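Observations on the three-dimensional arrangement
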Amino acid sequence: MTLLTVSDLRGGYGAADEIVRGASLTVEPGEIVALIGPNGAGKSTLLKLIAGLLRPRGGHVRLRGRDVAGLDAPDISRLGLAFVPQERNVFGAMSVAENLEMGGFLDRAHLRRRIDELYQRFPMLADKRRAAARTLSGGQRQILAMAMALMNAPALLLLDEPTAGLSPRAADELFATIVALNHGGVAILMVEQNALEALEVSARAYVLVQGRAEREGNAAELASDPTVRDLFLGGAAAPMLPQDRGDLR
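The structure reproduced in this document is the subject of the present report. (Residues numbered from 1 in each chain as written. Predicted model: local features only at pLDDT ≥ 70, side-chain atom pairs only at ≥ 80, totals over all residues. Heavy atoms only, no water.)

1. Some remarks on the overall build of the protein
Secondary structure summary: the protein contains ten helices and ten strands in total. Rg of the C-alpha trace for the protein: 18 Å, near the compact-globule value of 18 Å for 249 residues, within the 12% margin. Considered along the principal axes of its C-alpha atoms, the protein spans approximately 50 × 40 × 35 Å. Every one of the 249 residues in the protein was classed for burial, and the buried ones make up 50%. Taking as baseline every contact in the protein between residues at least 6 positions apart, the subset at least 24 positions apart corresponds to 66%. Carbon and sulfur atoms make up 48% of the accessible area of the protein, which amounts to about 11,400 Å² in all. Distance between charge centres in the protein, computed from 28 positive and 29 negative side chains, equals 6 Å. (Helix = DSSP H or I, 4+ residues; strand = E, 2+ residues; numbered from the N terminus. Rg over C-alpha atoms; globule rule 2.2 N^0.38 Å. Buried < 20%, exposed > 50% of the residue type's maximum accessible area, 1.4 Å probe, protein only. Contact = heavy atoms within 4.5 Å. Areas by Shrake-Rupley, 256 points an atom, 1.4 Å probe, with all protein chains shown as cover. Lys, Arg positive; Asp, Glu negative; His and termini not counted. Charge placed at Lys NZ, Arg CZ, Asp CG, Glu CD.)

Here's what the structure looks like:
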(Lines give C-alpha, C1' and ligand atoms only; values in the text may rest on other atoms or scores of the structure.)
Protein backbone atom coordinates (compact mmCIF):
# COMPACT_ATOMS: atom_id res chain seq x y z
CA MET A 1 0.00 0.00 0.00
CA THR A 2 1.23 3.49 -0.85
CA LEU A 3 2.23 5.25 2.36
CA LEU A 4 1.20 8.80 1.40
CA THR A 5 -1.05 9.92 -1.44
CA VAL A 6 -1.72 13.64 -1.96
CA SER A 7 -4.35 14.44 -4.60
CA ASP A 8 -5.27 17.90 -5.93
CA LEU A 9 -4.40 19.52 -2.58
CA ARG A 10 -5.14 23.23 -2.23
CA GLY A 11 -4.64 25.72 0.57
CA GLY A 12 -2.62 28.51 2.15
CA TYR A 13 -2.43 30.77 5.18
CA GLY A 14 -5.58 32.87 4.81
CA ALA A 15 -9.10 32.75 3.43
CA ALA A 16 -8.06 34.34 0.12
CA ASP A 17 -4.50 33.03 0.08
CA GLU A 18 -4.15 29.86 -2.01
CA ILE A 19 -0.46 29.04 -2.28
CA VAL A 20 -0.80 25.32 -3.01
CA ARG A 21 -2.99 24.98 -6.10
CA GLY A 22 -3.77 21.38 -6.85
CA ALA A 23 -0.59 19.56 -5.78
CA SER A 24 -0.42 15.78 -6.13
CA LEU A 25 2.33 13.37 -5.06
CA THR A 26 2.97 9.97 -3.54
CA VAL A 27 5.49 8.46 -1.13
CA GLU A 28 6.00 4.71 -0.96
CA PRO A 29 7.16 2.87 2.17
CA GLY A 30 10.92 3.18 2.60
CA GLU A 31 11.39 5.97 0.04
CA ILE A 32 13.14 9.32 0.21
CA VAL A 33 11.25 11.77 -1.98
CA ALA A 34 12.52 15.30 -2.62
CA LEU A 35 10.45 18.41 -3.30
CA ILE A 36 12.40 21.04 -5.23
CA GLY A 37 11.40 24.23 -7.00
CA PRO A 38 11.82 28.01 -6.97
CA ASN A 39 11.33 30.16 -3.90
CA GLY A 40 7.65 30.86 -3.35
CA ALA A 41 6.51 27.69 -5.13
CA GLY A 42 4.63 26.50 -2.04
CA LYS A 43 6.94 23.68 -0.96
CA SER A 44 6.91 24.41 2.79
CA THR A 45 3.20 25.26 2.69
CA LEU A 46 2.51 21.88 1.10
CA LEU A 47 4.29 20.08 3.94
CA LYS A 48 2.27 22.03 6.51
CA LEU A 49 -0.99 21.14 4.76
CA ILE A 50 -0.02 17.47 4.74
CA ALA A 51 0.98 17.56 8.43
CA GLY A 52 -2.24 19.27 9.56
CA LEU A 53 -0.64 22.55 10.59
CA LEU A 54 -2.74 24.26 7.92
CA ARG A 55 -6.25 23.21 6.95
CA PRO A 56 -6.66 22.35 3.25
CA ARG A 57 -9.36 24.04 1.18
CA GLY A 58 -9.68 21.07 -1.12
CA GLY A 59 -8.15 17.81 -2.20
CA HIS A 60 -7.13 14.70 -0.30
CA VAL A 61 -4.26 13.55 1.90
CA ARG A 62 -4.29 9.78 2.41
CA LEU A 63 -1.92 8.26 4.96
CA ARG A 64 -1.88 4.46 4.68
CA GLY A 65 -5.15 4.70 2.78
CA ARG A 66 -6.94 6.88 5.31
CA ASP A 67 -7.95 10.40 4.31
CA VAL A 68 -6.44 12.69 6.97
CA ALA A 69 -7.02 16.05 5.23
CA GLY A 70 -8.58 18.38 7.79
CA LEU A 71 -7.47 16.41 10.85
CA ASP A 72 -5.51 18.26 13.53
CA ALA A 73 -1.73 17.82 13.59
CA PRO A 74 -1.64 15.66 16.78
CA ASP A 75 -4.19 13.26 15.29
CA ILE A 76 -2.17 12.93 12.08
CA SER A 77 0.98 12.40 14.14
CA ARG A 78 -0.67 9.54 16.02
CA LEU A 79 -1.33 7.87 12.67
CA GLY A 80 2.38 7.75 11.85
CA LEU A 81 3.50 11.08 10.38
CA ALA A 82 5.99 13.50 11.93
CA PHE A 83 6.96 16.99 10.72
CA VAL A 84 10.25 18.80 11.40
CA PRO A 85 9.93 22.53 10.60
CA GLN A 86 12.79 24.62 9.34
CA GLU A 87 12.78 27.07 12.27
CA ARG A 88 11.87 26.98 15.96
CA ASN A 89 12.08 23.22 15.97
CA VAL A 90 13.65 22.80 19.42
CA PHE A 91 13.08 24.38 22.83
CA GLY A 92 16.27 26.38 23.32
CA ALA A 93 16.03 26.88 27.08
CA MET A 94 15.32 23.21 27.78
CA SER A 95 17.89 20.44 27.94
CA VAL A 96 18.35 17.85 25.22
CA ALA A 97 16.66 15.25 27.45
CA GLU A 98 13.71 17.56 28.13
CA ASN A 99 13.32 18.22 24.39
CA LEU A 100 13.11 14.49 23.74
CA GLU A 101 10.50 14.14 26.47
CA MET A 102 8.47 16.89 24.81
CA GLY A 103 8.79 15.08 21.50
CA GLY A 104 7.29 11.95 23.04
CA PHE A 105 4.29 13.56 24.72
CA LEU A 106 1.81 11.67 22.51
CA ASP A 107 3.05 8.27 23.68
CA ARG A 108 4.25 8.52 27.26
CA ALA A 109 4.13 4.74 27.77
CA HIS A 110 7.19 4.20 25.57
CA LEU A 111 9.02 7.41 26.51
CA ARG A 112 12.05 6.03 28.35
CA ARG A 113 12.67 3.17 25.93
CA ARG A 114 12.57 5.45 22.90
CA ILE A 115 14.86 8.02 24.51
CA ASP A 116 17.37 5.26 25.27
CA GLU A 117 17.12 4.02 21.67
CA LEU A 118 17.75 7.53 20.34
CA TYR A 119 20.74 7.95 22.64
CA GLN A 120 22.18 4.79 21.10
CA ARG A 121 21.44 6.00 17.57
CA PHE A 122 22.78 9.52 18.21
CA PRO A 123 25.59 9.33 20.83
CA MET A 124 26.02 13.10 20.62
CA LEU A 125 22.58 13.55 22.18
CA ALA A 126 23.49 11.20 25.01
CA ASP A 127 26.71 13.13 25.65
CA LYS A 128 24.83 16.44 25.72
CA ARG A 129 21.62 15.26 27.39
CA ARG A 130 21.90 17.87 30.16
CA ALA A 131 22.98 20.73 27.88
CA ALA A 132 20.49 23.41 26.86
CA ALA A 133 19.41 22.99 23.25
CA ARG A 134 20.43 26.58 22.47
CA THR A 135 24.09 25.65 23.14
CA LEU A 136 24.16 23.05 20.35
CA SER A 137 25.60 23.76 16.93
CA GLY A 138 23.22 24.18 14.01
CA GLY A 139 23.74 20.62 12.81
CA GLN A 140 23.31 19.24 16.32
CA ARG A 141 20.05 21.16 16.75
CA GLN A 142 18.73 19.65 13.52
CA ILE A 143 19.60 16.17 14.73
CA LEU A 144 17.81 16.90 17.99
CA ALA A 145 14.76 18.16 16.08
CA MET A 146 14.66 14.97 14.01
CA ALA A 147 15.13 12.86 17.14
CA MET A 148 12.16 14.63 18.74
CA ALA A 149 10.08 13.71 15.70
CA LEU A 150 11.24 10.09 15.93
CA MET A 151 9.99 9.84 19.52
CA ASN A 152 6.58 8.79 18.20
CA ALA A 153 8.03 6.12 15.88
CA PRO A 154 6.66 7.62 12.64
CA ALA A 155 6.45 5.73 9.36
CA LEU A 156 6.85 9.01 7.44
CA LEU A 157 9.05 11.99 8.30
CA LEU A 158 8.46 15.39 6.68
CA LEU A 159 11.60 17.55 6.66
CA ASP A 160 11.40 21.26 5.79
CA GLU A 161 14.80 22.64 4.68
CA PRO A 162 16.83 20.50 7.13
CA THR A 163 20.21 21.91 6.04
CA ALA A 164 19.21 25.60 5.94
CA GLY A 165 21.94 27.76 7.45
CA LEU A 166 24.41 24.90 7.87
CA SER A 167 27.98 24.83 6.60
CA PRO A 168 28.66 22.48 3.67
CA ARG A 169 30.35 20.00 6.02
CA ALA A 170 27.46 20.05 8.51
CA ALA A 171 24.98 19.71 5.63
CA ASP A 172 26.83 16.65 4.32
CA GLU A 173 26.76 15.09 7.79
CA LEU A 174 23.05 15.77 8.11
CA PHE A 175 22.33 14.21 4.72
CA ALA A 176 24.22 11.12 5.91
CA THR A 177 21.99 11.06 9.00
CA ILE A 178 18.87 11.33 6.83
CA VAL A 179 20.02 8.41 4.69
CA ALA A 180 20.76 6.34 7.80
CA LEU A 181 17.28 7.05 9.18
CA ASN A 182 15.78 5.96 5.88
CA HIS A 183 17.81 2.75 5.91
CA GLY A 184 16.30 2.15 9.33
CA GLY A 185 12.84 2.02 7.76
CA VAL A 186 11.55 5.61 7.92
CA ALA A 187 10.18 7.07 4.69
CA ILE A 188 11.07 10.73 4.12
CA LEU A 189 9.46 13.57 2.17
CA MET A 190 11.97 16.43 2.10
CA VAL A 191 11.91 20.06 1.01
CA GLU A 192 15.54 21.07 0.63
CA GLN A 193 17.42 24.16 -0.54
CA ASN A 194 20.47 22.08 -1.51
CA ALA A 195 18.56 20.66 -4.46
CA LEU A 196 21.38 18.71 -6.09
CA GLU A 197 22.37 16.94 -2.88
CA ALA A 198 18.71 16.24 -2.10
CA LEU A 199 18.33 14.57 -5.48
CA GLU A 200 21.48 12.53 -4.88
CA VAL A 201 20.01 10.89 -1.76
CA SER A 202 16.42 10.58 -3.01
CA ALA A 203 14.72 7.84 -4.99
CA ARG A 204 12.19 10.16 -6.65
CA ALA A 205 11.49 13.87 -6.79
CA TYR A 206 8.82 16.41 -7.67
CA VAL A 207 9.42 19.88 -9.11
CA LEU A 208 6.87 22.23 -7.59
CA VAL A 209 6.01 25.41 -9.51
CA GLN A 210 3.25 27.84 -8.49
CA GLY A 211 1.71 25.42 -6.04
CA ARG A 212 1.55 22.27 -8.16
CA ALA A 213 3.91 19.53 -9.24
CA GLU A 214 5.00 20.33 -12.80
CA ARG A 215 7.59 17.55 -13.11
CA GLU A 216 8.13 14.25 -11.36
CA GLY A 217 10.30 11.21 -11.79
CA ASN A 218 13.46 9.38 -10.85
CA ALA A 219 15.68 11.74 -8.84
CA ALA A 220 18.86 10.93 -10.78
CA GLU A 221 17.10 11.54 -14.09
CA LEU A 222 15.73 14.87 -12.93
CA ALA A 223 19.19 15.87 -11.68
CA SER A 224 20.61 15.28 -15.17
CA ASP A 225 17.71 16.88 -17.05
CA PRO A 226 19.01 20.06 -18.75
CA THR A 227 15.81 22.03 -18.15
CA VAL A 228 15.70 21.16 -14.45
CA ARG A 229 19.40 21.93 -14.06
CA ASP A 230 19.08 25.30 -15.79
CA LEU A 231 16.08 26.35 -13.71
CA PHE A 232 16.88 24.93 -10.29
CA LEU A 233 20.39 23.43 -10.14
CA GLY A 234 22.64 26.19 -11.47
CA GLY A 235 22.98 24.99 -15.07
CA ALA A 236 24.24 21.75 -16.58
CA ALA A 237 27.72 23.03 -17.37
CA ALA A 238 28.38 24.94 -14.14
CA PRO A 239 30.75 23.14 -11.73
CA MET A 240 29.32 22.61 -8.27
CA LEU A 241 31.80 23.99 -5.74
CA PRO A 242 31.49 23.13 -2.05
CA GLN A 243 31.14 26.78 -1.06
CA ASP A 244 28.21 27.14 -3.46
CA ARG A 245 26.10 24.30 -2.11
CA GLY A 246 24.42 26.41 0.53
CA ASP A 247 23.17 28.81 -2.14
CA LEU A 248 21.05 26.30 -4.07
CA ARG A 249 17.28 26.71 -4.09
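Next comes the rest of the description.
2. Looking at unusual backbone geometry
Despite not being glycine, R64 shows a phi value in the positive range, around 55 degrees. On the secondary structure map, R64 appears in the loop between β4 (58-63) and β5 (66-67). For R64, a relative accessible area of 46% puts it in the partly exposed group. Phi angles above zero are rare outside glycine, and E161 is one such case at about 50 degrees. Mapping E161 onto the fold places it in the loop between β7 (156-160) and α7 (168-183).

3. Comments concerning the sheet that holds strand β6 (residues 81-84)
The strand order across the open sheet built from six strands is β6-β7-β8-β3-β9-β10, with neighbouring strands paired in mixed fashion. Looking along the sheet, the strands with just one partner apiece sit at the ends: β6 and β10 (212-218). Here the average twist between neighbouring strands, direction ignored, is 15 degrees. Where strand β3 (residues 32-36) and strand β9 (residues 204-209) come together, four bridges link them in parallel fashion. Across the sheet, residue A34 finds its bridge partner in β9, namely A205. Contacts from helix α6 (residues 138-150) reach β6 and β7, with the element oriented near 160 degrees to β6. Relative to strand β8 (residues 187-191), α7 is tilted by about 150 degrees, and along the sheet it contacts β3, β7 and β8. (Pairing = 2+ DSSP bridges. Axes fitted to C-alpha atoms, helices over the stretch in contact; angles between N-to-C directions.)

4. Side note on the packing of aromatic side chains
Remark: the centre distance and the inter-plane angle together describe each pair of aromatic rings, the angle taken between the planes. What the rule picks out here adds up to zero aromatic pairs. Sitting above the plane of the Y119 ring, R129 keeps its charged end 4.3 Å from the centroid. (Phe/Tyr/Trp six-rings, centres within 6.5 Å; stacked < 30°, edge-to-face > 60°. Lys NZ or Arg CZ within 6 Å of the ring centre and 35° of its normal.)

5. Observations regarding α6
Between its first and last C-alpha atoms α6 spans 19 Å; for 13 residues at 1.5 Å apiece the expected length is 18 Å, and the two agree. Of all 13 residues in α6, ten are buried, a share of seventy percent or more. Every buried residue belonging to α6 is among G139, Q142, I143, L144, A145, M146, A147, M148, A149 and L150, and all of these are buried. Contacts from the buried residues of α6 go to β6, α3 (96-103), α4 (111-121), α5 (123-127), β7 and α7. (Expected span 1.5 Å × (residues − 1).)

6. Side note on helix α1 (residues 43-51)
Among the nine residues in α1, seven count as buried, and that is most of the element. Within α1 the residues assigned to the buried category are K43, T45, L46, L47, L49, I50 and A51. G52 occupies a position one or two residues after α1 and carries a positive phi of about 90 degrees.

7. Focus on the pattern of salt bridges
This structure, assessed with the given rule, holds nine salt bridges. Two residues, R204 and E31, come together in a salt bridge whose shortest N-O distance is 2.8 Å. Placement of R204 in strand β9 and of E31 in the loop between β2 (20-27) and β3 is noted, with a sequence separation of 173 residues between them. Side by side, R204 and E31 carry an identical accessibility label, which is buried. A salt bridge links D72 to R55; the shortest N-O distance between them is 3.2 Å. (Salt bridge = Lys/Arg side-chain N within 4 Å of Asp/Glu carboxyl O.)

8. Quick notes on the environment of A205
Mapped onto the fold, A205 is located in strand β9. Assessed through its relative accessible area of 0%, A205 is described here as buried. Note: C-alpha distance between A205 and A219 (14 residues apart in sequence) is 5.1 Å. Residues contacting A205, with those up to four places away along its chain left out, are V33, A34, L199, R215, E216, G217, A219 and L222.

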